[in-house]
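Structural features, examined
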Amino acid sequence: DVVMTQSPLSLPVTLGQPASISCRSSQSLVYSDGNTYFNWFQQRPGQSPRRLIYKVSNRDSGVPDRFSGSGSGTDFTLKISRVEAEDVGVYYCMQGTHWPLTFGGGTKVEIK
Amino acid sequence: EVQLLDSGGGLVQPGGSLRLSCAASGFTFSTYIMSWVRQAPGKGLEWVSAIGASGDSTYYAASVKGRFTISRDNSKDTLYLQMNSLRAEDTAVYYCAKDPRGAYSSAGNPWGQGTLVTVSS
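Everything in this summary refers to the structure shown in the same document. Because the structure is predicted, anything quoted here is derived from the model rather than measured.

With that settled, consider the nonpolar core. Among the nonpolar cores identified, the biggest contains 40 residues, and Phe103(A), Trp36(B), Leu79(B), Leu81(B), Met83(B) and Tyr94(B) are the most heavily contacted of them. Listing elements by their share of this core, those giving two or more residues are β9 (89–95) of chain A together with β3 (18–25), β4 (34–39), β5 (45–51), β7 (68–73), β8 (78–83), β9 (92–98) and β10 (115–119) of chain B. The contact partners of Leu79(B), leaving out residues within four places of it in the chain, are Leu20(B), Ser21(B), Cys22(B), Phe29(B), Met34(B), Ser35(B), Trp36(B), Ile51(B), Ile70(B), Ser71(B), Arg72(B) and Cys96(B). Formed by 22 residues, the second largest nonpolar core is a distinct cluster that contains Met4(A), Leu11(A), Val56(A) and Ile80(A).

Let's shift gears to the interface of chain A and chain B. With 22 residues of chain A at the contact, the number on the chain B side is 24 residues. A buried area of about 1900 Å², summed over both sides, lies between chain A and chain B, and 59% of it is on carbon and sulfur atoms. Three residues stand out in chain A for area buried against chain B, namely Arg51(A), Trp99(A) and Phe103(A), and they jointly supply 32% of the buried area on that side. At the junction of chain A and chain B, the tally comes to 1 salt bridge. Linking Asp99(B) and Arg51(A) is a salt bridge whose minimum nitrogen-to-oxygen distance equals 3.4 Å. Put simply, chain A and chain B have 11 residue pairs in polar contact (both at pLDDT 80 or more) between them. Listed by contribution, the elements that provide at least two residues to the side of chain A that touches chain B are β4 (38–43), β5 (50–54) and β9 of chain A. By residue class, the composition of the side of chain A that touches chain B is 11 nonpolar, 7 polar and 4 charged.

Residue and element names in this part refer to chain A. If you walk through the whole model with that rule in mind, you get 9 salt bridges over all chains. Here Glu84 makes a salt bridge to Arg66, at a shortest N to O gap of 3.5 Å. Of the two residues, Glu84 sits in the loop between β8 (75–80) and β9 while Arg66 sits in the loop between β6 (58–59) and β7 (67–72), which places them 18 residues apart along the sequence. Residue classification places Arg66 among the buried residues on the basis of a relative accessible area of 8%. Among the salt bridges present, the one from Asp87 reaches Arg66, with a minimum N-O distance of 2.7 Å. On the criterion of sequence distance, the pair formed by Asp87 in the loop between β8 and β9 and Arg66 in the loop between β6 and β7 is long-range, its members being 21 residues apart. Here the two residues Asp87 and Arg66 agree in accessibility, since each one is buried. Each member of the salt-bridge network shares a partner with another, and the members are Arg66, Glu84, Glu86 and Asp87.

Looking now at the state of the cysteines. All names here are of chain A. The full count for this structure, using the stated rule, is 2 disulfides over all chains. For Cys23, the disulfide goes to Cys93, at an S-S distance of 2.1 Å. Measuring the twist about the S-S bond at about 60 degrees, one finds the Cys23-Cys93 disulfide to be right-handed. A residue pair is termed long-range when its members are at least 10 positions apart, and Cys23 in strand β3 (residues 19–25) and Cys93 in strand β9 qualify at 70 residues.

Glancing now at the environment of Ser28(A). All names here are of chain A. Among the structural elements, Ser28 can be located in the loop between β3 and β4. Given the relative accessible area of 35%, Ser28 is considered partly exposed. Other than its neighbours up to four places away in sequence, Ser28 contacts Gly73, Thr74 and His98.

What follows concerns the pairing of β3(B). Residue and element names in this part refer to chain B. Relative to β3, strand β1 (residues 3–7) runs antiparallel, the two sharing 5 bridges. Within β3, the position partnered with Leu4 by the bridge is Ala24. As defined by bridge partners, β3 adjoins β8 across 6 bridges and the pair is classed as antiparallel. Looking at β8, one finds that Cys22 is bridged to Leu79.

Thresholds applied
Residues numbered from 1 in each chain as written. Chains lettered and ligands numbered in written order. Predicted model: local features only at pLDDT ≥ 70, side-chain atom pairs only at ≥ 80, totals over all residues. Heavy atoms only, no water. Core = buried A, V, L, I, M, F, W, Y, C linked by side-chain atoms within 4.5 Å. Buried < 20%, exposed > 50% of the residue type's maximum accessible area, 1.4 Å probe, protein only. Helix = DSSP H or I, 4+ residues; strand = E, 2+ residues; numbered from the N terminus. Contact = heavy atoms within 4.5 Å. Buried area = accessible area lost by both parts, 1.4 Å probe. Salt bridge = Lys/Arg side-chain N within 4 Å of Asp/Glu carboxyl O. Polar contact = N/O pair within 3.5 Å; in protein donor to acceptor, adjacent residues only side chain to side chain. Nonpolar A, V, L, I, M, F, W, Y, C, P; charged D, E, K, R; others polar. Disulfide = S-S within 2.5 Å. Pairing = 2+ DSSP bridges.

Printed below as a string of structure tokens:
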């Protein structure tokens, strides 16, 4: 199985400042069709997960443009350009290239 | 907009069975891979199972293979998860998810609100 390793585990941030979360996969996530099926999810306290980013860098409808995804192969990054109070929660990366699908362990974003 | 309504959760004894449902709307259900993902209390996300758009192919996590069966009824826009031989470690919130691999954009969250399954005597 593909192991997804996120860092950091916890990320205290100051409102209005940028934040960055990393995710590394144990093998390449490039699929045979040339796409890289890599996603980022946000889970606010008490809510179900919400997908933010699909295929590395594509924002889902309604996701603020302060969220951006980048990376390739085995190394990926989620950036929040200016953290807002509503961004508090746990962020998960997930690979959709190889079965079984696997998630990272999560990064808890909190306000300092 | 995508809407996924999970239901069927509840309290069940170890060794018992439960059937989850997910009613979909706002998209052409029959053209998407669908999946179940679970989250144990206070833990992270774990993919459970997926099914192809026509129902011809199914995938399972090792932890549930042989005990859980995923299915779909495209005439009713509904996804199911039949859970047998339930164990305490199956206790979790179960989420229905559209396009679990993340191949397409989604107007609305492609995950349901979740349904809680508690396995306890």
